[in-house]
Amino acid sequence: MRAAGVTEFGGAEALRILDVPAEPLGPGEVRLRVAAATVNPTDTHARAGAYADRDPVKTPPWVPGMDVAGVVAELGDGVDHLAVGDEVMGVVVPTGAHGGYREDLVLPGDSVVRAPKGADAVAASTLPMNALTARFALDLMALGRGQVLAVTGAAGAFGGYVVQLAKADGLTVVADAAEADEDLVRTLGADVVVRRGDDVAARIREQFPDGVDGLADGSVQDALVLPAVRDGGAVATVRGYRGDGQRGLRVFPTLVRRVAQDRAALDRLRQQADDGVLTLRVARTFPAEQAADAHRLIERGGVRGRLVLTF
Ligand SMILES: NC(=O)c1ccc[n+]([C@@H]2O[C@H](COP(=O)([O-])OP(=O)(O)OC[C@H]3O[C@@H](n4cnc5c(N)ncnc54)[C@H](OP(=O)(O)O)[C@@H]3O)[C@@H](O)[C@H]2O)c1
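Residues numbered from 1 in each chain as written. Predicted model: local features only at pLDDT ≥ 70, side-chain atom pairs only at ≥ 80, totals over all residues. Heavy atoms only, no water.

A. View of the site of the ligand. The ligand sits among 22 residues. The nearest are R239, T254, V256, G302 and R306. Between an oxygen atom of the ligand and a main-chain N or O atom of G302, the distance comes to 2.7 Å. Between the ligand and R306 there is a distance of 2.7 Å, counted from an oxygen atom to a side-chain nitrogen or oxygen. Coverage of the ligand by the protein amounts to 79% of the 910 Å² it exposes when considered alone. Looking at the shell around the ligand, the elements that each hand over two or more residues are α3 (128–141) and α4 (157–168). Here the shell around the ligand takes 3 residues from α3, the largest share from any one element. Classifying every residue of the shell around the ligand gives 8 nonpolar, 10 polar and 4 charged. (Near = heavy atom within 4 Å. Polar contact = N/O pair within 3.5 Å; in protein donor to acceptor, adjacent residues only side chain to side chain. Areas by Shrake-Rupley, 256 points an atom, 1.4 Å probe, with all protein chains shown as cover. Helix = DSSP H or I, 4+ residues; strand = E, 2+ residues; numbered from the N terminus. Nonpolar A, V, L, I, M, F, W, Y, C, P; charged D, E, K, R; others polar.)

The following block contains the structure:
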């Protein structure tokens with residue numbers, strides 16, 4: 001079975017096509033014939049070995065990739081929400097050779113749901129992992145209708161979904177953008193757009209002098225963004241930052257792997273894509289053989305929409 005991964009951690013050039021065994025299928029699991037796998041920032045860290053210590057699998061190869069779309073090839077006992085041949089999307093928690101960049105993939109059934117209507121595999125693959133993370137971040141912060149949420153990295157995949165889901169939840173959204181991304185971020189639904197940068201917290205405070213009720217930090221600016229939030233407000237972080245313990249801020253490190261089997265949430269996200277609440281954004285596709293080029297591109301920054309590998 002073809003996969004794109006590494007046998008030694010390294011730069012983008014370490015990625016190559018590998019021959020991996022088909023994964024065994026157990027009860028409650030689904031075998032996918034993967035057609036599309038997204039390239040997320042975390043994949044570049046995985047490829048470089050940043051997670052080697054916490055991955056219990058110490059033998060190569062390592063296959064990155066956290067969301068996929070394709071067709072159901074086989075169902076394990078007890079999976080009754082899908083049928084063979086269904087077009088689906090799924091969230092992957094990678095470990096060792098088990099990652100999204102492979103044509104044969106077995107996932108827990110509850111990590112797989114039908115793809116949005118009319119979305120091909122490439123478009124569908126861009127939804128599950130980042131939208132589920134965005135949903136989880138919002139659920140952790142638990143703001144009420146009419147409260148104000150700030151979103152940094154709003155032009156990105158995670159940030160964009162936070163903006164759209166927050167608007168659907170009835171929140172007021174202030175989002176950051178580079179000048180070139182302002183229209184994009186407004187189109188996603190932001191009520192107020194401020195210029196991105198190290199001083200983004202001051203710019204948010206200019207608009208909301210009492211501070212915002214919550215903030216989702218998709219740009220991973222950590223301590224720099226905290227001053228935007230009112231005393232006692234909520235902050236969702238996506239790379240483990242736990243805050244500075246000041247002003248009663250409630251900081252929620254948000255890890256998608258904790259909700260990767262929340263099928264009801266994934267189904268709601270599919271429905272919201274069907275309804276046009278969520279926009280599937282594809283930047284460019286690459287055949288899996290060119291995974292290294294996709295990694296170089298995402299590492300340079302400035303990609304809007306997701307890069308997708310096709311199998
Ligand atoms: N913990 C989890 O479970 C989880 C799940 C999903 C995502 N994440 C993490 O969330 C982060 C965002 O992911 P993503 O897929 O949304 O990435 P993305 O699509 O690249 O979006 C990040 C956005 O932030 C901007 N940005 C980066 N550095 C910035 C800075 N210093 N100041 C202002 N803006 C900055 C980027 O702009 P440029 O492109 O111009 O740099 C981009 O618009 C990543 O670190 C990812 O690993 C974590």
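B. Quick look at the side chain of Q221. Checked against the element boundaries, Q221 lands in the loop between β11 (212–217) and β12 (229–237). The class of Q221 is buried, set by a relative accessible area of 15%. In this structure the side chain of Q221 is engaged in a polar contact, spanning 2.7 Å, whose partner is the side chain of S219. Not counting chain neighbours up to four residues away, the residues in contact with Q221 comprise T152, D176, G197, D198 and V200. (Buried < 20%, exposed > 50% of the residue type's maximum accessible area, 1.4 Å probe, protein only. Contact = heavy atoms within 4.5 Å.)

C. Focus on empty space enclosed by the protein. A full pass over the atoms with the stated rule returns 1 cavity of 30 Å³ or more. What the largest cavity holds in volume is close to 80 Å³. The wall of the largest cavity is formed by T126, A157, G160, Y161, T279, R281, G305 and R306. With 3 residues, the single largest contributor to the lining of the largest cavity is α4. When the residues that make up the lining of the largest cavity are grouped by side-chain class, the tally is 2 nonpolar, 4 polar and 2 charged. (1 Å grid on protein atoms, 1.4 Å probe; cavity = no way out; pocket = protein on both sides within 12 Å on 5 of 7 lines; lining within 4 Å. Points joined across faces, edges and corners; volume = space filled by probe spheres on them.)

D. Seen up close, helix α8 (residues 291–300). Of all the residues in α8, the buried ones are A291, A292, A294, H295, L297 and I298. On the buried face of α8, the contacting elements are β1 (2–5), β3 (29–39), α1 (41–48), β14 (282–287) and β15 (306–310). In the stretch just after α8, G301 is the one whose phi turns positive, near 85 degrees.

E. Just the pattern of salt bridges, in detail. Tallied over the entire structure, the rule returns 22 salt bridges. Between R263 and D110 there is a salt bridge whose closest N-O contact spans 2.9 Å. Here R263 is found in helix α7 (residues 263–274), whereas its partner D110 is found in the loop between β6 (104–108) and β7 (112–114), with 153 residues between them in sequence. The partner of D181 in a salt bridge is R304, with the nearest N and O atoms 2.9 Å apart. (Salt bridge = Lys/Arg side-chain N within 4 Å of Asp/Glu carboxyl O.)

F. Fine view of the layout of surface pockets. Of the volumes computed, that of the second largest pocket is approximately 180 Å³. Residue lining of the second largest pocket: 15 residues in total, with V93, H98, L107, P108 and Q261 positioned closest to the centre. In terms of residues, the lining of the second largest pocket owes the most to one element, β6, which gives 3 residues. Residues that form the lining of the second largest pocket fall into these classes: 8 nonpolar, 3 polar and 4 charged.

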